[in-house]
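Residue-level structural notes
Listed below, chain by chain, are the residues.
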Amino acid sequence: LIIDKSRCIYLSDNGREEVLNIVNRIVTLLCENPANKRILLSAYFVLLCDFIGNACKTSETRYTEKMPELLFKAIEYMEYNFNRLNSAHTVAEYFGYSERRLTDIFKKYCGVTAYEYLISVKLKNAKMLLDLGENVTTSCFDSGFTNYSHFIQLFKKKYGTTPLKYQSLKNR
C-alpha cells in the first residue's frame with residue numbers, strides 16, 4: 001500500500017488479499033445503488049481503515065523512509081496502463097532506465113520484481129472483472145494478457161483455482 005509519494009506499507013500476501021477483498025466489496029456496492037447502501041459502505045470503509053491501521057502496528061509490516069520517485073512513477077504508470085504493458089522492459093524504457101535497475105528498485109522496496117508487480121496488477125483487474133460478471137476470455141484480454149493459457153496458469157498459481165471455477169464459486 002502506498003501511503004504517499006514517499007512512504008509505503010508492505011503487507012503479506014494474505015494482508016494484500018484481505019485489503020483487495022474489502023475494496024472489491026466497496027466497488028461492487030458502488031456499482032449497485034450506493035444511495036441505499038450507505039451504512040454498509042461506511043462499515044466497509046471502517047473495516048478497511050481498521051485493517052490498515054492494525055497492519056501498521058504488526059511486526060511483519062515494513063516501512064520505507066523514502067520511496068524513490070522512479071518507483072512511485074513506475075507503480076502509477078503500471079496501475080494506469082497495465083492492459084497495454086507486456087513487460088517490465090517497456091516500463092523501464094518509458095522512464096529511461098534499464099530493466100535491471102527498475103527490477104532492483106522494486107525488489108528492494110516492494111519485495112517483488114517489476115514484472116511480478118505488473119502481473120499482480122493484471123491479475124487483480126481480471127479477478128475484479130470476474131467478480132463483476134465478465135466472462136473469462138474478456139477478463140483475460142481486457143486485463144492485458146495476450147496468452148489465454150498463460151493467464152489461466154498465472155491466475156491458478158495466485159488464487160489457487162482457475163478463473164472459471166473462481167467465478168462459478170463466486171456466483172453461488
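Describing helix H6 (residues 114–131)
Look at H6: 26 Å from first C-alpha to last across 18 residues, which is about the 26 Å you get at 1.5 Å a residue. Of all 18 residues in H6, 13 are buried; the element is thus mostly enclosed. At the exit of H6 stands Gly133, carrying a positive phi of roughly 100°.

Concerning helix H9 (residues 163–170)
Among the residues of H9, Pro163, Tyr166 and Gln167 are the ones counted as buried. The arc enclosing the buried residues of H9, seen along the axis, measures out at 95°, which places them on a common side. Across from the buried face of H9, at angles greater than 90 degrees, the exposed residues are Leu164 and Lys165.

Some details on the packing of aromatic side chains
The full count for this structure, using the stated rule, is eight aromatic pairs. Considering the side-chain rings of Tyr77 and Phe95, the 5.6 Å spacing of their centres and the 80° angle between planes classify their relative orientation as edge-to-face. Within this pair, whereas Tyr77 is found in helix H3 (residues 69–81), its partner Phe95 is found in helix H4 (residues 88–95), the two being separated by 18 residues in sequence. Judged by centre distance (5.5 Å) and plane angle (45°), the rings of Phe106 and Tyr117 are tilted. With a gap of eleven residues between them, Phe106 in helix H5 (residues 99–110) and Tyr117 in helix H6 connect regions that are remote in the sequence. As far as burial versus exposure is concerned, Phe106 and Tyr117 are alike and both buried. Clustering of aromatic rings is evident, with ring pairs tying together Phe145, Phe151, Phe155, Tyr159 and Tyr166. Over the ring of Phe145 we find Lys122; its NZ or CZ atom is 5.5 Å from the centre of that ring.

Overview of the environment of Val112
Summarising the element assignment, Val112 is placed in the loop between H5 and H6. Here Val112 falls in the partly exposed class, since its relative accessible area comes to 24%. Among all residues touching Val112, those that are not within four sequence positions of it are Phe106, Lys107 and Tyr117.

Focus: the environment of Lys122
Looking at where Lys122 falls in the secondary structure, it is placed in helix H6. Residue classification places Lys122 among the buried positions, given a relative accessible area of 3%. Every residue in contact with Lys122, bar those within four places of it in the chain, is listed here: Phe82, Leu85, Asn86, Ser143, Gly144 and Phe145.

Here we look at the pattern of salt bridges
Inspection of every chain in the model, using the stated rule, returns one salt bridge. The partner of Arg100 in a salt bridge is Asp104, with the nearest N and O atoms 3.7 Å apart. On the criterion of helical spacing, the pair formed by Arg100 and Asp104 is a turn pair, its members being four residues apart in helix H5. Take Arg100: its relative accessible area is 60%, and that puts it in the exposed class.

Structural notes on the packing of H6 against H9
The N-to-C vectors of H6 and H9 enclose an angle of 40°; their axes lie 9 Å apart at closest approach. Viewed along their axes, H6 and H9 adopt a mutual orientation that is oblique. Handedness of the H6/H9 crossing: right-handed. Residues Lys127, Leu130 and Asp131 of H6 pack against Pro163, Tyr166, Gln167 and Lys170 of H9. Split by residue class, the contact of H6 with H9 holds three nonpolar, one polar and three charged.

Reading the values: rules and limits
- Residues numbered from 1 in each chain as written.
- Predicted model: local features only at pLDDT ≥ 70, side-chain atom pairs only at ≥ 80, totals over all residues.
- Heavy atoms only, no water.
- Helix = DSSP H or I, 4+ residues; strand = E, 2+ residues; numbered from the N terminus.
- Expected span 1.5 Å × (residues − 1).
- Buried < 20%, exposed > 50% of the residue type's maximum accessible area, 1.4 Å probe, protein only.
- Arc of directions from axis to C-beta.
- Phe/Tyr/Trp six-rings, centres within 6.5 Å; stacked < 30°, edge-to-face > 60°.
- Lys NZ or Arg CZ within 6 Å of the ring centre and 35° of its normal.
- Contact = heavy atoms within 4.5 Å.
- Salt bridge = Lys/Arg side-chain N within 4 Å of Asp/Glu carboxyl O.
- Axes fitted to C-alpha atoms, helices over the stretch in contact; angles between N-to-C directions.
- Parallel < 35°, antiparallel > 145°, perpendicular 65-115°, else oblique.
- Left-handed = near helix turned anticlockwise from the far one by under 90°.
- Nonpolar A, V, L, I, M, F, W, Y, C, P; charged D, E, K, R; others polar.

Everything listed is a geometric property; what it means functionally is a separate question.
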